Amino acid sequence: MPEILLNASNLKVSVEDKSILKGLDITIGRGETHVIMGPNGAGKSTLAAALMGAPGYEVTEGSATLESKDLLEMNVSERARAGLFLSFQNPVEVPGISLESFLRTSLEQRTGEKVKLWDFRKKIRAVLETVGLDASYAERDLNVGFSGGEKKKAEILQLLLLKPKLAILDETDSGLDVDAVRTVSKGIEEFQNNEDASLLIITHNAAILDSLKVDKVHILIDGRIVKTGGPELISEVSEQGFVKFEGEE
Amino acid sequence: MSEEKTHVEDIDRALYDFRYEDKDAFKVEGGLSEEIVEQISREKNDPSWMRDFRLRSLEIYRRTPMPDWGPSIEGLNMDNIVTYVRPNTERMNTKWEDVPENIKNTFEKLGIPEAERKSLAGVGAQYDSELVYHNVREEVARRGVIYTDIESALHGEYADMIKEKFMKLVPPEDHKFAALHGAVWSGGSFVYVPSGVSVEIPLQSYFRLNAPGAGQFEHTLIIVDEGAYLHFIEGCSAPKYNVANLHAGCVELYVGKNATLRYSTIENWSKNMYNLNTKRATVAEGGKVEWVSGSFGSHVSYLYPMSILAGRKARAEFTGVTFAGAGQNLDTGCKIFHIAPETTSYVNTRSISKDGGISTFRSGVMIGHKAEDSKAAVSCQSLMVDDVSRSDTIPAMEVNTDKADIGHEAKIGRIPSDAVYYLMSRGISEDEARALIVSGFADNVSKELPLEYAVEMNNLIRLEMKGAIG
């Protein structure tokens, strides 16, 4: 077992007083890729949002740590600076801020150091190419007028440039066509190539996982992890759905 | 991690707040009288028609009531305002090294000489009531472009042109502060761009009010002749005092047939300033005026640049942003008069209010009965940064022909919390995220400005948003 990166224990989360996560446990080791699968409404995105500290997600019980630091004590930007990243299911459009200056500001705020304009421009161009976006997207307003697929690609671009310790991908593959899934998957693979890169991939579609190294798969049903296993669980879900896991634990 | 303070009494405006003693300068007594007006006239060596004009304006001033329809200007006591302060320099200079040290330092700190070297075709710098520096690049001057102070122009080759145009667009009868301006105006710039000449890089005049309790009444008169192009930039600032200062400038723009004039302003008066400024343009056939306006400072502002579309196919664009913080009541907008056929106007403004600031957008679009097939579109958006601030929109339209196409759109909103969360999730602090969103909101103006000015404007927004204490 590698060193523990993320540990969530007995995590209970409510949204508008409705209990969604009902005592969830998960441990991710440094350098590992975990997958969470589960039916709609099981609480997958709630887990992602609660870990990132989204407003409106109230942790009522349990703990969550990243490198033994208490995530629940931190505000959203502190969690990001501690090494957490969330690829949003619905990335937000922010008019008037270019993708490039937004990312440069993010890097500067994370490190407290100036990022040189020209060096960064070169870097972002290269990564735009990796994720299949035209170089002109650097100058465009953040996510404004991007198609669904382009938004997801831009999330992966951010992942590759910000190099977090743990990236949570919340249904990054949803709504994408086959080619886009392949491009996004290639980007994730590139992130995995970084030493110690760790991932928590939330999906209900196996296609994105085809070319990725997966260490563990968790089945999340009704606010709890009901089964944890190896990559073989992916094909089990693909073939038989979630019904067979319901009522387990 | 320490977050920056967001609620403080006033922001650190160190960049603008330095000031120098003015003990060596000449100034008139506070208040207004024939004597003072005549004294100013003598100081300035006015031609006799100008002296008469000043005295007539003073009369009009006396019988015109104070405006009672906008923000309160009760704190402005005209008996205390010093209407003329001559800086301690004999004459206008064309070399920075001839400008007195303190004054030169002021403009150095504001980055004016540097901007002149890098990106401007000419610069005028006014300190209190007088221009202390005026210079235009030789290659621009060689093409017949005149850029000088009005006083010199009154005695030069263009004296008749000035007599013909001066305060004809904005007559002293217009309102009380136009009359005041007519009586005590001093300084400002005169620009003439001859037919067919396109000035590729901008000219800039910077107005700095240094003396406490003083008024600044500069007059800007620009004539862009047929088919010519000019971008003129106006900047203004003042250090903060505890007494009221007054700015009642006047801008008159004559845009010739098929000519284009872009007039950009970044106004950053200190928060003891009453900014009661009047700006007006008349546009001939096929010509275009483009106003780009950033209003940040002042305690109270009344500012509604007017475009008169007088010739067929004349056009006007107005792009503005107004930021009202604590203690500020900024009433801004624009007026467009369509009086010729096929004229078009487009108004796109953003207003931001914070910490109890009041921002009012006021526009008037009039389409005359002869302005058939004209188009007018007004879009105004407001952003209230918190619950204690106020934002109002007062758009008026008067349409006197049924053959016109008009549109109006208004939106009032707050900083979207999902955007703040999204930016924070990348490691950006909450304050910075909010500042980014607000400067993004104002990008209608920043993307119209030359880069250096866009950067300055974004810095101003950051200062206002973060309220970092000095």
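Residues and elements named next belong to chain B. Mapped onto the fold, Ala121 is located in the loop between helix H5 (112-119) and strand S3 (122-127). The buried category is assigned to Ala121, whose relative accessible area is 1%. Here the alpha-carbon distance between Ala121 and Leu261, two residues 140 residues apart in the chain, equals 15 Å. The contacts of Ala121, once residues within four sequence positions are left out, are Val136, Arg137, Val140, Val199, Ile201, Pro202 and Leu203.

Okay, the packing of helix H2 (residues 34-43) of chain B against helix H3 (residues 48-63) of chain B next. All names here are of chain B. Where H2 contacts H3, the axes come no closer than 10 Å and their chain directions differ by 150°. Classified by the interaxial angle, the pair formed by H2 and H3 is roughly antiparallel. Viewed along their axes, H2 and H3 form a crossing whose handedness is right-handed. Only Arg51, Arg54, Leu55, Leu58 and Arg62 of H3 make contact with H2, whose side of the interface consists of Glu34, Val37, Glu38, Ile40 and Ser41. Class assignment for the residues of the contact of H2 with H3 results in four nonpolar, one polar and five charged.

All names here are of chain A. Mapped onto the elements of the fold, Thr203 is located in the loop between strand S10 (198-202) and strand S11 (216-221). Engagement of the side chain of Thr203 in a polar contact is seen with the side chain of Asp173, the distance being 2.7 Å. Residues in contact with Thr203, not counting those within four places in the same chain, are Val35, Ile36, Met37, Gly38, Lys44, Asp173, Ile208 and Leu209.

Let us now look at the interface of chain A and chain B. Listed by partner, the interface residues are 32 residues for chain A and 19 residues for chain B. Buried surface at the junction of chain A and chain B, summed over both partners, amounts to about 2000 Å²; 65% is from carbon and sulfur atoms. The largest per-residue losses of area from chain A upon contact with chain B belong to A:Phe88, A:Val92 and A:Gln109, which jointly make up 22% of the total buried on that side. Note that A:Glu155 and B:Arg426 form a salt bridge whose closest N and O atoms lie 2.7 Å from each other. Linking chain A to chain B there are nine residue pairs in polar contact (both at pLDDT 80 or more). Those elements that place two or more of their residues in the side of chain A that touches chain B are helix H1 (44-52), helix H2 (76-82), strand S6 (84-87), strand S7 (94-98), helix H3 (99-111), strand S8 (141-142) and helix H5 (148-162) of chain A. Its residues assigned to classes, the side of chain A that touches chain B comprises 18 nonpolar, nine polar and five charged.

Take unusual backbone geometry next. All names here are of chain B. Backbone geometry at Glu342 places phi at a positive 55°, although glycine is not the residue there. Among the structural elements, Glu342 can be located in the loop between strand S20 (329-338) and strand S21 (344-353). A positive phi angle is found at Asp373, which is not glycine, with a value near 60°. With respect to the helices, strands and loops of the structure, Asp373 is situated in the loop between strand S22 (358-367) and strand S23 (374-384). Residue Asp373 is classed as partly exposed on the basis of its relative accessible area of 46%.

About the criteria used
Residues numbered from 1 in each chain as written. Chains lettered and ligands numbered in written order. Predicted model: local features only at pLDDT ≥ 70, side-chain atom pairs only at ≥ 80, totals over all residues. Heavy atoms only, no water. Helix = DSSP H or I, 4+ residues; strand = E, 2+ residues; numbered from the N terminus. Buried < 20%, exposed > 50% of the residue type's maximum accessible area, 1.4 Å probe, protein only. Contact = heavy atoms within 4.5 Å. Axes fitted to C-alpha atoms, helices over the stretch in contact; angles between N-to-C directions. Parallel < 35°, antiparallel > 145°, perpendicular 65-115°, else oblique. Left-handed = near helix turned anticlockwise from the far one by under 90°. Nonpolar A, V, L, I, M, F, W, Y, C, P; charged D, E, K, R; others polar. Polar contact = N/O pair within 3.5 Å; in protein donor to acceptor, adjacent residues only side chain to side chain. Buried area = accessible area lost by both parts, 1.4 Å probe. Salt bridge = Lys/Arg side-chain N within 4 Å of Asp/Glu carboxyl O.

Geometric descriptors of this kind do not, in isolation, establish any biological role.
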